[in-house]
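# Structural characterization, general
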Amino acid sequence: MRITSTLLIAAIAATLPALPAEARQKTRYEYNGRTYNSYQQCAAAKKRHKRDGAIAGAAIAGVGAALLGGNLGESALIAGGGAVVGHEIGAKKRC
């Protein structure tokens, strides 16, 4: 009886396919349609997107205000507002 159960367990174990380490990991983080293996990678991507959004928002708003005839103070004020808006757009989703 003991040999039969041992052989049965060995047969079942031999038929199970070996899974790669990537497939066994269950926790995945998603940000902006991309998946990350760790929370640190996801948080770094989110921080990078916030920074890039702030830079793009400031540049676009500042140049737009200057082209529309604003003086230096007005252009700087609008660029600051563009930076805030770009930062918030870059931080739209969670990890």
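Residues numbered from 1 in each chain as written. Predicted model: local features only at pLDDT ≥ 70, side-chain atom pairs only at ≥ 80, totals over all residues. Heavy atoms only, no water.

### Structural notes on the packing of aromatic side chains
- For the structure on display, the rule yields one aromatic pair.
- Seen in terms of ring centroids, Tyr 29 and Tyr 39 are 5.6 Å apart; in terms of plane orientation they differ by 70°. Their pairing is edge-to-face. Taken as a pair, Tyr 29 in strand 1 (residues 29–31) and Tyr 39 in helix 3 (residues 39–67) lie far apart in primary sequence, ten residues in all.
- Residue Tyr 39 is classed as partly exposed on the basis of its relative accessible area, which comes to 46%. (Phe/Tyr/Trp six-rings, centres within 6.5 Å; stacked < 30°, edge-to-face > 60°. Helix = DSSP H or I, 4+ residues; strand = E, 2+ residues; numbered from the N terminus. Buried < 20%, exposed > 50% of the residue type's maximum accessible area, 1.4 Å probe, protein only.)

### Re the pattern of salt bridges
- Applying the stated criterion to the full structure yields one salt bridge.
- Residue Asp 52 pairs with Arg 51 through a salt bridge whose shortest N-O separation is 3.4 Å.
- When its relative accessible area of 37% is taken as the criterion, Asp 52 is described as partly exposed. (Salt bridge = Lys/Arg side-chain N within 4 Å of Asp/Glu carboxyl O.)

### Description of the environment of Gln 41
- Of note, Gln 41 is situated in helix 3.
- Residue Gln 41 is classed as partly exposed on the basis of its relative accessible area of 40%.
- On a C-alpha basis, the gap between Gln 41 and Tyr 29 in space is 8.7 Å, while along the polypeptide they are twelve residues apart.

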